[in-house]
Amino acid sequence: MTKTLTFPAGRRLRTPEAAAYLGLSVSSLEKMRSLGGGPVFLAMGRAVSYALPDLDAWASARAVRNTSEARAATPRRLTVRRSATPGPEGNTHAAGEPPAEPERAA
């Protein structure tokens, strides 16, 4: 059974409540807040809150008619890959590209 969340009008939600309201994990909402692409939020010092109309508008803007639209509108990853980071064997390559072929002795 799905639990329905109801909140008084005008109340702002903290991150765990906003994530539950949207059906997201807290970490996903935090990543979207950090990297962009998430709902509008209010930050006052370290306190972050979300207005219900902002959450509803953000969710409505992501409505799609089919899976092709969903793939085009949704980022595949919420994390950013760093370019030229050392791999397990110390070799580096740009994010999204295969590692370079090892040099062969002549």
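**Overview of the environment of arginine 12**
Its place among the elements puts arginine 12 in strand β1 (residues 12-14). When the C-alpha atoms of arginine 12 and proline 53 are compared, they prove to be 9.7 Å apart, with 41 residues separating the residues in sequence. Apart from the residues lying within four places of it in its own chain, the contact partners of arginine 12 are Glu17, Phe41, Leu42, Ser49, Tyr50 and Ala51. A distance of 2.9 Å separates polar atoms of two side chains, one belonging to arginine 12 and the other to serine 49.

**A closer look at the sheet that holds β1**
By way of backbone hydrogen bonds, the strands of a sheet pair with one another, either parallel or antiparallel. Spatially, three strands are ordered β1-β3-β2 in an open sheet, and the strand pairing comes out antiparallel. Strand pairing shows two members of the sheet lacking a second neighbour, β1 and β2 (42-44), which therefore form its edges. With direction set aside, neighbouring strand axes in the sheet form an average angle of 35°. With three bridges joining them, β2 and strand β3 (residues 47-51) adopt antiparallel strand pairing. In the strand pairing of β3, leucine 42 is matched with serine 49. Relative to β1, helix α1 (residues 15-22) is tilted by about 100°, and along the sheet it contacts β1 and β3. Of the strands in this sheet, β1 and β3 touch helix α3 (residues 52-60), which is tilted by about 65° from β3.

**Let's talk about the packing of aromatic side chains**
Evaluation of the coordinates by the stated rule reveals one aromatic pair. For arginine 33, the ring lying beneath its charged end belongs to phenylalanine 41, and the centroid distance is 5.9 Å.

**As for the packing of α1 against helix α2 (residues 26-35)**
Closest axis-to-axis distance for the α1/α2 pair is 8 Å, and the angle between their directions is 105°. In terms of their interaxial angle, α1 and α2 are classed as roughly perpendicular. Across the interface between the two elements, Thr15, Pro16, Ala18, Ala19 and Leu22 of α1 pack against Val26, Leu29, Glu30 and Arg33 of α2. Classifying every residue of the contact of α1 with α2 gives six nonpolar, one polar and two charged.

**Here we look at the nonpolar core**
By size, the foremost hydrophobic cluster in this structure holds 11 residues: Leu13, Ala18, Ala19, Leu22, Leu29, Met32, Val48, Tyr50, Leu52, Leu55 and Trp58. For this core, the elements supplying multiple residues, two or more each, are α1, α2, β3 and α3. Each residue touching tryptophan 58, except ones within four places of it in the same chain, is listed here: Leu22, Leu24, Met32, Gly37, Gly38 and Pro39.

Conventions used here
- Residues numbered from 1 in each chain as written.
- Predicted model: local features only at pLDDT ≥ 70, side-chain atom pairs only at ≥ 80, totals over all residues.
- Heavy atoms only, no water.
- Helix = DSSP H or I, 4+ residues; strand = E, 2+ residues; numbered from the N terminus.
- Contact = heavy atoms within 4.5 Å.
- Polar contact = N/O pair within 3.5 Å; in protein donor to acceptor, adjacent residues only side chain to side chain.
- Pairing = 2+ DSSP bridges.
- Axes fitted to C-alpha atoms, helices over the stretch in contact; angles between N-to-C directions.
- Phe/Tyr/Trp six-rings, centres within 6.5 Å; stacked < 30°, edge-to-face > 60°.
- Lys NZ or Arg CZ within 6 Å of the ring centre and 35° of its normal.
- Parallel < 35°, antiparallel > 145°, perpendicular 65-115°, else oblique.
- Nonpolar A, V, L, I, M, F, W, Y, C, P; charged D, E, K, R; others polar.
- Core = buried A, V, L, I, M, F, W, Y, C linked by side-chain atoms within 4.5 Å.
- Buried < 20%, exposed > 50% of the residue type's maximum accessible area, 1.4 Å probe, protein only.

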